[in-house]
Amino acid sequence: MTTVAHDTDRTQIIDAIVVALSDVLRKELTDVTEETRLFDDLSLDSTSVLGLLMALEDALDIEVDPESLEQSHLESVGALAGYIAESR
């Protein structure tokens, strides 16, 4: 994959994560970056993570494999985007 296509793909994944986070948290998120931490900055819990993953599966037409998902993949928006990009 070319760098431009990779960057575009990653940008689309991050955009989808922000939209899904907004839906799950039921509030508009305007200052989310790749460095935003899901648990520490956004106060996600295990229930909201499940909702986030289900929303991303629908939005990106992917299937998240719970066996391959590790805590480190949920540390930040960027970490989750990286996991999704690698899983595609």
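Keep in mind that what you see is a predicted model, and the values were worked out from it rather than measured.

> Give a description of helix α2 (residues 46–60) that names residues and reports values.
In an α-helix, one turn spans 3.6 residues, which is why side chains three or four residues apart end up on the same side. The end-to-end C-alpha distance of α2, which contains 15 residues, comes to 21 Å, matching closely the 21 Å that a straight helix rising 1.5 Å per residue would cover. Within α2 the residues assigned to the buried category are S48, V49, L52, L53, L56 and L60. Projection of α2 onto a plane perpendicular to its axis shows the buried side chains occupying an angular sector of 140°, all on one side. In α2, the exposed residues that point more than 90 degrees away from the buried face are T47, L50, M54 and D58. The opening residue of α2 is D45, an N-cap whose side-chain oxygen sits 3.1 Å from the backbone nitrogen of T47. Of the residues trailing α2, D61 is marked for its positive phi of about 55°.

> Run through the environment of A59, naming residues and quoting values.
As for its position among the elements, A59 is in helix α2. For A59, a relative accessible area of 55% puts it in the exposed group. C-alpha separation for the pair A59 and A20, spaced 39 residues apart in sequence, amounts to 8.1 Å.

> Can you lay out the environment of I14 for me, pointing to particular residues and giving the numbers?
Position of I14 relative to the elements: it lies in helix α1 (residues 3–25). In this structure, the C-alpha to C-alpha distance between I14 and D31, residues 17 residues apart in sequence, is 13 Å. With near-sequence residues (within four places) excluded, I14 lies in contact with E34, V77 and A81.

> Would you mind going over the side chain of S48 in detail, with residue names and values included?
When you line up the elements, S48 lands in helix α2. The class of S48 is buried, set by a relative accessible area of 11%. At a separation of 2.7 Å, a polar atom in the side chain of S48 contacts the main-chain amide nitrogen of D45.

> Outline the nonpolar core, listing residues and values.
Core analysis: the biggest nonpolar cluster contains 25 residues, and I17, L21, L38, L52, L56, L80 and I84 have the highest contact counts within it. When contributions to this core are tallied by element, the ones reaching two or more residues are α1, α2 and α3 (77–87). Ignoring sequence-local partners within four residues, the contact set of L21 consists of R26, L29, L38, L42, L44, L52 and V77.

> Tell me about the side chain of S76, residues and numbers included.
For S76, the location among the structural elements is in the loop between α2 and α3. Judged by relative accessible area, which is 14%, S76 ranks as buried. Residues contacting S76, with those up to four places away along its chain left out, are E34, E35, T36, R37 and L38.

Rules behind the numbers
Residues numbered from 1 in each chain as written. Predicted model: local features only at pLDDT ≥ 70, side-chain atom pairs only at ≥ 80, totals over all residues. Heavy atoms only, no water. Helix = DSSP H or I, 4+ residues; strand = E, 2+ residues; numbered from the N terminus. Expected span 1.5 Å × (residues − 1). Buried < 20%, exposed > 50% of the residue type's maximum accessible area, 1.4 Å probe, protein only. Arc of directions from axis to C-beta. Polar contact = N/O pair within 3.5 Å; in protein donor to acceptor, adjacent residues only side chain to side chain. Contact = heavy atoms within 4.5 Å. Core = buried A, V, L, I, M, F, W, Y, C linked by side-chain atoms within 4.5 Å.

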